[in-house]
Amino acid sequence: MHKLARSISIIAVYIAALFTVLNIALRIPDYTKVIMISYAAVAAVSAVILISVLINYERERVVRERENISNIMQTINAMAILWDADFRYVEVNSELTKTIGYTSEDLSDMKTLEKVLPADAFAPSLQAVINNRDEEFYVTAKGGAKVCTVWNTSIVSVNTFRKKKSYLMLSIGLDLSETVRMKEDLIQYSKNLAESEKRYMFSMELSEIGLLLKESGASNYHISEQLQKMLGITSEVISPGVFRARFHPEDVMIYDALEGTMTNTRSGDHTTHSTEFRMLAADNTYHWYQFRYKVNPGKNRIIADIGGAVLDITKDKEKDILIEKMAYIDDVTQIFNRNKFMQIGQETFECSAEAGQTYWVIVFDIDNFHIINDTCGYLNGNKLLNEFGQLVKQTLTKGGFGARIGGDNFAMLIHDNGDETLPVKIIKDIQSKLQEVSSEFLMHQTVTCSAGYCKMSDGGDNFAAILDHAEFSLSMSDGTKGDIIRYDNKVHERILAGNAIESELSHALENGELVLYYQPKINLADGSLIGMEALIRWIKPDGTIVPPNQFIPVAENSLLITDISNFVLHEACRQNKKWQDMGFPPITVSINLTAVDFYQTNVKEVIQTALAETGLEPQWLDVELTESLALKDIDHAVQQMKEIKELGVKLSMDDFGTGYSSLSYIQVLPITLLKLDRSFIMYLEEDEISREIVSAVIRIAKSKKIETIAEGIETIGQAEILKESGCDHAQGYFFGRPMPADKFEEFMAMKCGMNVNA
Ligand code: C2E
Ligand code: MG
Ligand code: MG
């Protein structure tokens, strides 16, 4: 109980006791009355003294309390006003005067205070504050500025001995200007944010970009509205399992890698990743998507934030695929072409050493493919190529890469599993399957293929060199009976020898070491000299003569062949013209062209120039082409040959019978002469079948108005059989060996006017 209240109660009890004593005293005897009255008087005096002490004490307390309040008011960091019970201001603190700009003297004028804190607004709010509610309202600072404030008021001092309403109230106020500004800023910011988010979402929608987000610790992906639309999903969250299931089966690996990135990203890694994959879209077909994302690694790198933009790139991808298809897919077989094989091969080559792995490179050639084309038609030829492509594909289902790298050439890149017999197993498997499929649609005709192979780690500076090795090995097969040749030291030595020849050969041409020999061509009917074949020889400074078979193939693999052929063409025309000018009866000079000359240069222009420069008339020049050359690209060959023929130059089919010659070519190719190969002639005398074949060929050629010449005639017997068979001309050691120009000149001089029958 309050100290003052207690004192008053004691006094009250005291007075009551006094009155009781007086009452009793009036009824008892006198002497006792005197004592009691005296006693009551003393008690009354002491009560008066006590009351005045108490009143004094209370006054002092109020003053002390008032001082304390004043002290507190001036030291607190908030506005403070002390009011009396009638809301009259008693004191304000410096914080208030500082905030509102009025001095306390200004405020002592009640009107000013009302101006600052309008009573009508303040009083009810004060009432509310008393009821323990913070009230917020504006006070008017000097100059009219409104300051937002919040106030809390409580009764702080009660004067017990005064009237009922004798108490003080203290209102503590806080200046909310800063908070209000922050709040306004915040409102503006969120407004801006909302607007920018709206704009952002709108632009996302316009640009059809979906957003995908997975927050650290969350088990599901959050997907934006746009992405929901794109994928045909109606929920804004999707579980990883459901998300993964939407991936194209071939791209599920990409999803797993994506999850892997989340756990493997290190803190501080701000890389923007990008990946492309196929996923089921709203139309229930697979679309291509690009996902550009960032990963924000979580604590302990276990769970991370991942978020990014998803863009539908199906149209671009389809274009890319089409372009890729055009650039890298072979039309006939629909498998990859040489360009792609080289690209993948080089990438594999670059990574393999680093990864400590190696690969096998196998190249295939379909044996005698041109015969299939010729005897079974192009459609069947293409079908065979297509079947081969499928065989390559099937073989590679377990891994590896395959392509059609040329006409009837295919290649494979296979990972080496340590089994050295792996390539041979694969080749043999393909060979037997090829026999099966070919016999099915080629009326029991079985087709074989030859192969060359090498190991990537067995040498080579780049993938082109590795492929060269495999192709070089393949070229060592005669391409007829399913050879399998591995690139080894022997093959390597041949390449080195070829390289040595190549570097020497380039000097040989400059140093005039290349010369032409001439071999006579005789008319079998009358033995007259009708022409000569220019055959190149390389006479080294030490006098050794290198035959063309040893250096022409090397020259063909380099750019040298063009220079050599040009030299032969010019020299042969020049020499022939010279002999004509010397008065020898005009005869034809034949030159040999290779596939490189024929397919890589404009032969017509080159020949035209040589004729113009040497002055030889075109009918005295004959171009010999082999059938394999013509068959590489028959349409192109026919076109080139027609152009040459238009010049008036003659065309001969050389080495007829060496490949799987077919007389049907004769109808297609615009040739004037058919040269029967020496292999036909060699056994003419003893072999009945050879004789029959030769006479049949001659008969058919004649029916096509094509002249025939036999080469490699070494005996009179062969010459006679050929003459009887109706062969027009002959060439061979029997009539004359290839000889240098001066010797040939003597031969011509001797031959002039001579009759072979004579
Ligand atoms: P080819 O065009 O078939 O030339 C005929 C080859 O048969 C010549 O060999 C010739 O010497 C040889 N020969 C001719 N008659 C007989 C004979 O009775 N018996 C024997 N055993 N051989 C005979 P050569 O000169 O060694 O030429 C070989 C091949 O080299 C030529 O075959 C031709 O394909 C090519 N060649 C020669 N000179 C040139 C040239 O200037 N340019 C090109 N691109 N190739 C050439
Ligand atoms: Mg020839
Ligand atoms: Mg020949």
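Residues numbered from 1 in each chain as written. Chains lettered and ligands numbered in written order. Predicted model: local features only at pLDDT ≥ 70, side-chain atom pairs only at ≥ 80, totals over all residues. Heavy atoms only, no water.

Within the protein, the secondary structure is distributed over 28 helices and 27 strands. In the protein, buried positions account for 43% of the 758 residues. Sequence-distant contacts in the protein: of pairs separated by 6 or more residues, those separated by 24 or more amount to 61%. Surface exposure of the protein reaches about 40,400 Å², of which carbon and sulfur atoms provide 55%. (Helix = DSSP H or I, 4+ residues; strand = E, 2+ residues; numbered from the N terminus. Buried < 20%, exposed > 50% of the residue type's maximum accessible area, 1.4 Å probe, protein only. Contact = heavy atoms within 4.5 Å. Areas by Shrake-Rupley, 256 points an atom, 1.4 Å probe, with all protein chains shown as cover.)

A word on the coordination of the magnesium ion (ligand 3). Protein-derived ligands of the magnesium ion (ligand 3) are Asp654 (OD), Asp655 (OD), Glu711 (OE) and Glu711 (OE), with the metal-ligand distances lying across 2.0 to 2.6 Å. Mapping the donors of the magnesium ion (ligand 3) onto the primary sequence yields the spacing D-D-x55-E. If you look at the magnesium ion (ligand 3) and the magnesium ion (ligand 2), they sit 3.9 Å from each other and are both ligated by Asp654. Note that Asp654 is positioned in strand S23 (residues 650-656) and Glu711 in strand S25 (residues 707-711), a separation of 57 residues in sequence. (Donors = N, O, S within 2.8 Å, 3.2 Å for Na, K, Ca; no water.)

It is worth spelling out helix H18 (residues 548-556) at this point. Residues of H18 that are buried: Pro548, Phe551, Ile552, Val554 and Ala555. Axial view of H18: buried residues confined to an arc of 165 degrees, hence all on one face. (Arc of directions from axis to C-beta.)

Turning to the site of ligand 1, a few remarks are in order. Contacts to ligand 1 come from 22 residues, most closely from Glu533, Arg537, Asp654, Glu714 and Tyr733. The separation between an oxygen atom of ligand 1 and a polar side-chain atom of Asp655 is 3.0 Å. Expressed as a share of its isolated accessible area of 780 Å², the protein-covered part of ligand 1 is 84%. Mapped onto the shell around ligand 1, the elements with two or more residues apiece are strand S19 (529-539), H18 and S23. (Near = heavy atom within 4 Å. Polar contact = N/O pair within 3.5 Å; in protein donor to acceptor, adjacent residues only side chain to side chain.)

The subject of this paragraph is the packing of helix H17 (residues 489-510) against H18. Relative orientation of the contacting elements H17 and H18 amounts to 85 degrees, with a least axis distance of 9 Å. Our classification of the angle between H17 and H18 gives roughly perpendicular. The segment H17 lies against H18, with Gly498, Ile501, Glu502 and Leu505 engaging Gln550, Phe551, Val554 and Ala555. Class assignment for the residues of the contact of H17 with H18 results in five nonpolar, two polar and one charged. (Axes fitted to C-alpha atoms, helices over the stretch in contact; angles between N-to-C directions. Parallel < 35°, antiparallel > 145°, perpendicular 65-115°, else oblique. Nonpolar A, V, L, I, M, F, W, Y, C, P; charged D, E, K, R; others polar.)

Turning our eyes to something else, we now look at the packing of aromatic side chains. Tallied over the entire structure, the rule returns 18 aromatic pairs. For the ring pair Phe243 and Tyr255, a centre distance of 5.8 Å and an interplane angle of 80 degrees mean the geometry is edge-to-face. Taken together, the positions of Phe243 in helix H9 (residues 240-245) and Tyr255 in helix H10 (residues 252-264) put the pair 12 residues apart, joining distant regions of the chain. Side by side, Phe243 and Tyr255 carry an identical accessibility label, which is buried. Ring centres of Trp579 and Phe744 lie 5.5 Å apart, and the angle between their planes is 35 degrees; on these two criteria the pair is classed as tilted. Here the residue Trp579 occupies a position in helix H19 (residues 560-581), and Phe744 occupies one in helix H28 (residues 741-751), the gap between them amounting to 165 residues. The pair formed by Trp579 and Phe744 is uniform in burial state, with each residue classed as buried. Directly above the aromatic system of Tyr328 lies the positively charged group of Lys340, at a separation of 4.6 Å from the ring centroid. Over the aromatic face of Trp538 sits the side chain of Lys540, whose NZ or CZ is 5.0 Å from the ring centroid. (Phe/Tyr/Trp six-rings, centres within 6.5 Å; stacked < 30°, edge-to-face > 60°. Lys NZ or Arg CZ within 6 Å of the ring centre and 35° of its normal.)

All right, on to the side chain of Glu95 then. Its place among the elements puts Glu95 in helix H3 (residues 94-100). Under the relative-accessibility criterion, Glu95 is labelled buried at 19%. Discounting chain neighbours no more than four positions away, the residues touching Glu95 are Asn77, Ala78 and Met79.

Okay, the pairing of strand S6 (residues 209-214) next. Only one face of S6 is covered, namely the one carrying Gly210, Leu212 and Lys214; the face carrying Ile209, Leu211 and Leu213 has none of its residues buried. In sequence, S6 turns back onto strand S7 (residues 221-223) through a hairpin of six residues, with Gly217 there showing a positive phi of about 90 degrees. (Pairing = 2+ DSSP bridges.)

What follows covers the sheet that holds strand S15 (residues 409-415). Strand order across the open sheet formed by six strands is S12-S14-S15-S13-S16-S17, with mixed pairing between neighbours. Both edges of this open sheet fall to strand S12 (336-337) and strand S17 (484-486), since each of them pairs with a single strand only. By the bridge criterion, two bridges tie S12 to strand S14 (residues 401-406) in an arrangement that is parallel. Bridged to Phe336 within S14 is Ala403.

The next thing to look at is the nonpolar core. Membership of the largest hydrophobic core comes to 78 residues, with the highest contact counts inside it found for Ile607, Leu621 and Phe744. By residue number, the principal contributor to this core is H19, which donates eight residues. Ignoring any residue separated from it by four or fewer positions in sequence, one finds Leu621 in contact with Leu569, Cys573, Thr588, Val589, Ile591, Ile607, Leu611, Leu616, Val649 and Lys650. Grouped together as the second largest cluster of nonpolar side chains are 29 residues, Trp360, Leu385, Ile427 and Ile430 included. (Core = buried A, V, L, I, M, F, W, Y, C linked by side-chain atoms within 4.5 Å.)

Remark on secondary structure: sheet strands pair via backbone hydrogen bonds, oriented parallel or antiparallel. With antiparallel pairing, six strands are arranged side by side in an open sheet as S8-S7-S6-S11-S10-S9. Single-partner strands in this sheet number two, and they are strand S8 (237-238) and strand S9 (272-280). Direction of pairing for strand S10 (residues 286-296) relative to strand S11 (residues 305-312): antiparallel, over a ladder of eight bridges. What sits directly across from Phe291, in S11, is Val310. Strands in contact with helix H11 (residues 314-328) are S9, S10 and S11; relative to S10, the strand with the most contacts, it is inclined by about 110 degrees.

Quick look at H28 now. Buried within H28 we find Ala741, Phe744, Phe747, Met748 and Lys751. One face of H28 carries all of its buried residues, which in axial projection span an arc of 115 degrees. Against the buried residues of H28 lie strand S18 (514-523), S19, H19 and strand S27 (739-740).

Moving on to the confidence of the model for the protein. Here the protein averages 83 in pLDDT, and 87% of its residues register 70 or above. By mean pLDDT, the top-scoring element of the protein is strand S21 (residues 588-592) (98), and the lowest-scoring one is helix H6 (residues 119-130) (58). Note that residues 754-758 has pLDDT below 50 and, in this model, six contacts with residues that lie over four places away or in other chains. (pLDDT = per-residue confidence, 0-100.)

Before going further, it helps to examine unusual backbone geometry. The phi dihedral of Asn284 falls on the positive side, at around 65 degrees, and the residue is not glycine. Given a relative accessible area of 60%, Asn284 falls into the exposed group. Positive phi values are uncommon outside glycine, yet Lys705 reaches one of about 60 degrees. Here Lys705 shows up in the loop between helix H26 (688-703) and S25.

The subject of this paragraph is a nonpolar patch on the surface. Nonpolar side chains collect at one region of the surface, where Val45, Ile49 and Val53 lie side by side and expose about 260 Å² of accessible area between them. Mapped onto the secondary structure, Val53 falls in helix H2 (residues 30-75). Among the residues examined, Val53 registers a relative accessible area of 47% and is labelled partly exposed. (Patch = residues over 30% accessible without salt bridge, like charges linked within 9 Å, V, L, I, M, F, W, Y side chains within 5 Å. Salt bridge = Lys/Arg side-chain N within 4 Å of Asp/Glu carboxyl O.)

Mapped onto the elements, Ser450 comes out in strand S16 (residues 449-455). Note on Ser450: relative accessible area 0%, which makes it buried. Side-chain polar atoms of Ser450 contact the backbone nitrogen of Gly482, separated by 3.5 Å. Side-chain polar atoms of Ser450 contact the backbone nitrogen of Asp483, separated by 3.3 Å.

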